[in-house]
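# Reading the structure
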Amino acid sequence: MAKSVHNTQASSAAAVQQSAQKVSKAAATQAFLVKRLLNSYTANTPQSIKLIDAYLLFVMLTGIIQFVYVVLAGTYPYNSFLAGFGASVGSFVLAANLRMQINPQNKAELNISPERAFADFAFSSIVLFGFVVNFLG
C-alpha cells in the first residue's frame, strides 16, 4: 500500500514537472512573439500612425476609467456618464477611421490625402463634441 502511494506521488510530481515545463515553453514563446511584434511595430510603423495609436490608447483608457467609476460610485449623474462615455467611444471610432485613412498600406483602397482625412476627423470631432455638450444639458 505504501509503495502504491509513493508511486502515485512520484507520477503526480512528474506530471506537474512536465506541465510546468510546457507552461514555461509557452511563456517563452509568447514573450518571443510579443518582442517580435514590438520590434516590427517600431521599425515599420510611421510616426504619424504611432501618434494616432497613442491617442487611441488614451481614449480607450479614458472610457475604461469612466466605466469603472460608474460601476464603483454609482450612476447619479447618468447624463454625464453617457456623454463622457459616448465621447470616448466616438473619439475612438473617429481616430480609428483617421488611422485607416492615413495608413500608407491602404492607399490602394482609400484614395484620400492625409490633409483631407485630418480635416474630416477634425470636423467630425467638432460635431461629436457639440452633441456631447448638448447631451450634458
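In this text the structure is predicted, and so the values were computed from the model without any measurement.

Conventions and cut-offs
- Residues numbered from 1 in each chain as written.
- Predicted model: local features only at pLDDT ≥ 70, side-chain atom pairs only at ≥ 80, totals over all residues.
- Heavy atoms only, no water.
- UniProt positions renumbered as here; feature names shortened; annotations may be inferred.
- Helix = DSSP H or I, 4+ residues; strand = E, 2+ residues; numbered from the N terminus.
- Salt bridge = Lys/Arg side-chain N within 4 Å of Asp/Glu carboxyl O.
- Buried < 20%, exposed > 50% of the residue type's maximum accessible area, 1.4 Å probe, protein only.

### Comments concerning the UniProt feature "transmembrane region" (unreviewed entry) in the chain
Within the UniProt annotation, "transmembrane region" (unreviewed entry) is assigned to residues 54–72, 78–96 and 117–136. The span residues 78–96 is 100% helical and 0% strand by assignment, and the distance between its end C-alpha atoms comes to 27 Å. Helix makes up 100% of residues 117–136 and strand 0%, with an end-to-end C-alpha separation of 28 Å.

### A short note on the pattern of salt bridges
Within the structure shown, the criterion is met by two salt bridges. A salt bridge links Asp 53 to Arg 99; its shortest N-O distance comes to 2.5 Å. A residue pair is termed long-range when its members are at least 10 positions apart, and Asp 53 in helix H2 (residues 47–73) and Arg 99 in helix H3 (residues 78–102) qualify at 46 residues. Note on Asp 53: relative accessible area 18%, which makes it buried. For Arg 99, a relative accessible area of 24% puts it in the partly exposed group. Ionic pairing is found between Asp 120 and Arg 116, a salt bridge with its closest N-O pair at 3.1 Å. Placement of both Asp 120 and Arg 116 in helix H4 (residues 114–136) is noted, with a separation of four residues, approximately one turn of the helix.

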